[in-house]
Every structure is written in structure tokens, then in C-alpha cells.
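Remarks on the overall topology
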Amino acid sequence: MNYCIKNATLVNEGQTFVASVFVSDGKIAKIVREVPEPVEGPVDVEAALRQAQGPYTQVIDATGKYLIPGIIDEHVHFREPGLTHKADIYTESRAAVAGGVTSFMDMPNTNPQTTTQELLQQKFNLAAEKSLANYSFYLGATNDNLAEVVKTDPKTVCGIKLFMGSSTGNMLVDKNEVLVRLFRESPCLIAAHCEDEQTIHENTVRCKDLAAKGEVIADASIHPFVRTMEACYKSSSKAVDMADHFGARLHVLHVSTQRELSLFRNDIPLKDKKITAETCPHYLLFDNHDYDQKSFAIKCNPAIKSHRDKEALLHALREGLIDTIGTDHAPHLKEEKFTGDYFTSKSGFPSIQHSLDVMVNVMKSGSLDMPLLVQLMCHNPALLYQIDRRGFICEGYFADLALVDMKDIHCISDEEEYSKCGWTPYVGMQSHCRVTHTFVNGNLVFEHGVFHEDCKGERLEFNR
Ligand SMILES: [Zn+2]
């Protein structure tokens, strides 16, 4: 099927303008500014295209809606294989396309952990069968799999995931000689979770002790006192130092503190940076005051920190110190989150379906504008990972597109959650946008709440 997305308001490369986009054979065939209404006479692009391409072009009236490049979520945990009671590639890729996300990159802390080329290939095979969105998978680094890391093909794999501080699933790399060799020999980008394990361990012991004595209440609000700003900085500054020293390509994931911003630079263009940074929508929407109301729903690693951190992160996005927004979509069942106390509640929550809702709300608070939002969620992940022909609305690029109704004000509910776990920390939040259509490789996979599941996503390729 070919499509004409007519009279959309395109947001692309810093510009906002009305145009019609023609999709043909999976690619963006043509972008025509200000298509004249069909009138008598020969100047009707739509009619001309129908004539050229036969009667199979479906016209979608996009008047008054925004057309953006499909969102590229570089940081997700879809939990397959092994943890599929929480989530799987099929269910979470549905949540993705419902939120306008057309490509994702999935993390290796599954069961088994993705630490060999064979296990990595098995994930690609699963996704080819099940995923509605385009996909790539990180290989996980451990203390003893360097031989597997160096075999990674940078043209077909998004990167190496390094836990410089343990999180869900114990994949901590803590041997210095291994870190040295990893930064020296990794054939592709290293995406790092940076929190210092020793600091977190000491803080946990102290909080447990205080809780046992009844001196603190072990609720969600103690999380930033366990997973502290110091724990983040100690680890991320070490990673940045090592990457600098060995000339490695490092992407620091989910930056959550003001202090870490001094590690990054904005005086060179993204394509020339060797050290880059990501933050997540929840660090921009929430701060420590939200633990009262949201409790364990917003417990995640690294912890959501202070109002001052939140404001500094927003400033860093505007200044170009932080390059991308990834969700760190990390579903857990409600009972894994909410039964028990602080020490047993799992960290992480589903978010991929609502990253645009959250970022539009952040935008409405006056901090960002729509072109910057598109830059952070669509263009920059494509540039940073050097993804082949995605992330922009450009002729000849893959037709990964999301059509967004910015007049559909509604309340986010658990009932509309497509993630397998069936709940969202954003429940009750007023959303100022709704994705009405999502195209993946020119296929309309999501349309007004209905999924078309015949066509599956494709493996991302990288121009490295
Ligand atoms: Zn993560």
C-alpha cells in the first residue's frame, strides 16, 4: 500500500511547516509543501501521483495534525527471553508503536543474559517474528566475555551495554583490567549504566539499619538517599575518564543529576562527540516531591532526584549537553512493585507508550519546543547511533512516521496501557497529544487504537 499523508504539519530539522508526504515502497517518496486543494485543472499533486502509481494510494487527511519522524527509543527492557511474565517483544512493541515509537534498542539483562553472539542472534530471530517496530539489541559486557564483545559487528548491532554499577540482573563489570580492555577494544559504542556499587551498598546497609531501629520509614522517598548523586557521579566520571583516555565511544545512559552535567560538552556538533549523554522523560517530569503520591510506582535506577536536578537537566537539553531522550522502559508486575517494602520493591516501570505524552507536557511547561523535542527523540538517536536512513522526514528515508493530534486532551489510564504489565506510573496525568497513526517502513501498523500486525519491523542497520 502507498500513502499520501495530506496537509500535515511537519516537524523536522528545526522547521515546522505544512506539507503532504507520499509514502511508496516503504520509503518517503516525496514531500510536497502546500498542496493545492483539488480543483479543476492540471495542478493536483495527489491526482498526479494516483495517475503515476495506480489506484492503490490511500489518502490520509492530516490537516491540523503534526507529522514527526517515528521516535527512536535507544533504551528499553522488553524482558524477553526469560522474564516474559512482565513483558515480551510482541506486547512491548505494540506499546511502542501506540506511542509513536518506530524503532527500539533493547538491553541485555534478560534471562539468559545476552552476553554471547549466539544469544544475541536468538534475540534478533525472536524480534523478526514478533516485533511491530524496528529493533536492535545490545550485547552485555561481563567480567569474562571480552572475546564475545570484540566479535560484535558495529554495522548490525547497536552497541555494548556496560553496567558500571549493578542494576536489575547482576551484570556488574567491576574488574579494572576488564574495564580497561573494554574501553580499549570495544568495536562499537559502549552504553553505560553508571552508579557506584560500593556507595549504594553502604547506603543500603545504613538505611536498613535505621529502618530496623524505626528511625526512618522505608518508603519510596529514601531511594535518592540510597542511590545518591554521589553514586552516579563517582561512576560516570570514572567512565568518562576511561573513555577519554582510551578514545572509546561512550554514551552515558539515564543521566539524573546536575553534578554529572560537567562531564559533557556542547561546543562541538553531535557527530563529532565521542562522549554523549541520555536522560529519560521521568527525570524531567518528576522530582523527589512526587514520591509522596507516586510511591514505588516511580522507584527506578538511578533514582529520581531533586527539583534542582530536574531543572538542571532541562537546561542541559536546551544547551545541548545532553543529546538524547530514551525511556528506560522497564516493566514489572504491580505485585512486584507494590507488595513489600522499599528493599523488596523492584526498580523500573513501563514508559515507552507515554514518552511523547510526558515530553509534550514538559514542553507545555515552557521548557522545550516541538522541534527540540523531535531532535532529542528522533534525530539525535539516529545521528548518535549512525542509524541508516531513519529518524528524519527525508525523501529516500524509511517511512517511519507518527501522526500526532495535539488537540486530543485526555487523561492517561491503566485501561489503555498496552504493556503486558497493564499499569503506568503516568496514570491520571493529563495528556495533550495522541498518536493517531504510526508507520513503520511505510506500513500503517497503528491506526486510531487498532493494530495492523501483518508486517513486522526490521533490524536496524548502522553506517559505521
Ligand atoms: Zn535501563
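I will try to describe carefully the structure that is included in this document. Because the structure is predicted, anything quoted here is derived from the model rather than measured.

Before going further, it helps to spend a moment on the sheet that holds strand β8 (residues 134-137). In space, the 3 strands of this open sheet follow the order β6-β7-β8, with parallel pairing throughout. Two strands bound the open sheet, and with one partner strand each, they are β6 (71-76) and β8. Sheet twist, expressed as the mean angle between neighbouring strand axes with direction ignored, is 15°. In terms of strand pairing, β6 meets strand β7 (residues 101-106) through 4 bridges, oriented parallel. Counterpart to Ile72 in the pairing with β7 is Ser103. Helix α3 (residues 117-130) contacts β7 and β8 of the sheet and is inclined by roughly 170° relative to β8.

This part takes up the coordination of the zinc ion. Coordination of the zinc ion by the protein involves His75 (NE2), His77 (NE2) and Asp328 (OD), with metal-donor separations of 2.1 to 2.2 Å. Here the donor residues for the zinc ion map to a single chain with the spacing H-x1-H-x250-D. On the criterion of sequence distance, the pair formed by His75 in strand β6 and Asp328 in the loop between β14 (324-325) and α12 (334-338) is long-range, its members being 253 residues apart. One exposure class covers both His75 and Asp328, and it is buried.

Below, the discussion takes up helix α14 (residues 370-385). Here α14 spans 22 Å end to end across 16 residues, near enough to the 22 Å set by a 1.5 Å rise per residue. Along α14, 14 of the 16 residues are buried, which leaves the element largely enclosed by surrounding structure. For α14, the N-terminal capping position is held by Asp369, with its side-chain oxygen 3.0 Å away from the main-chain nitrogen of Leu372. Remark: Gln386 follows α14 within two positions and exhibits a positive phi of approximately 60°.

This part takes up the packing of aromatic side chains. For any pair of aromatic rings, the description consists of the separation of the ring centres together with the inter-plane angle of the planes. With the rule as written, the count across this model stands at 14 aromatic pairs. Geometrically, the ring pair formed by Phe338 and Trp423 is edge-to-face, given 5.6 Å between the ring centres and 75° between the ring planes. Residue Phe338 is found in helix α12, and its partner Trp423 is found in the loop between β16 (410-411) and β17 (430-431); the two are separated by 85 residues along the sequence. Here Trp423 falls in the buried class, since its relative accessible area comes to 2%. Look at Tyr342 and Phe343: their rings are 5.1 Å apart centre to centre, the planes differ by 80°, and that puts the pair in the edge-to-face class. Assessed through its relative accessible area of 4%, Tyr342 is described here as buried. A network of ring pairs unites the aromatic residues Phe78, Phe104, Phe124, Tyr135 and Phe137 as a single cluster.

A few words on the sheet that holds strand β10 (residues 160-164). One open sheet accounts for 6 strands, arranged β9-β10-β11-β12-β13-β14; its pairing is parallel. At either end of the open sheet lies a strand with only one pairing partner, and these are β9 (139-140) and β14.

Conventions used here
Residues numbered from 1 in each chain as written. Predicted model: local features only at pLDDT ≥ 70, side-chain atom pairs only at ≥ 80, totals over all residues. Heavy atoms only, no water. Pairing = 2+ DSSP bridges. Helix = DSSP H or I, 4+ residues; strand = E, 2+ residues; numbered from the N terminus. Axes fitted to C-alpha atoms, helices over the stretch in contact; angles between N-to-C directions. Contact = heavy atoms within 4.5 Å. Donors = N, O, S within 2.8 Å, 3.2 Å for Na, K, Ca; no water. Buried < 20%, exposed > 50% of the residue type's maximum accessible area, 1.4 Å probe, protein only. Expected span 1.5 Å × (residues − 1). Polar contact = N/O pair within 3.5 Å; in protein donor to acceptor, adjacent residues only side chain to side chain. Phe/Tyr/Trp six-rings, centres within 6.5 Å; stacked < 30°, edge-to-face > 60°.

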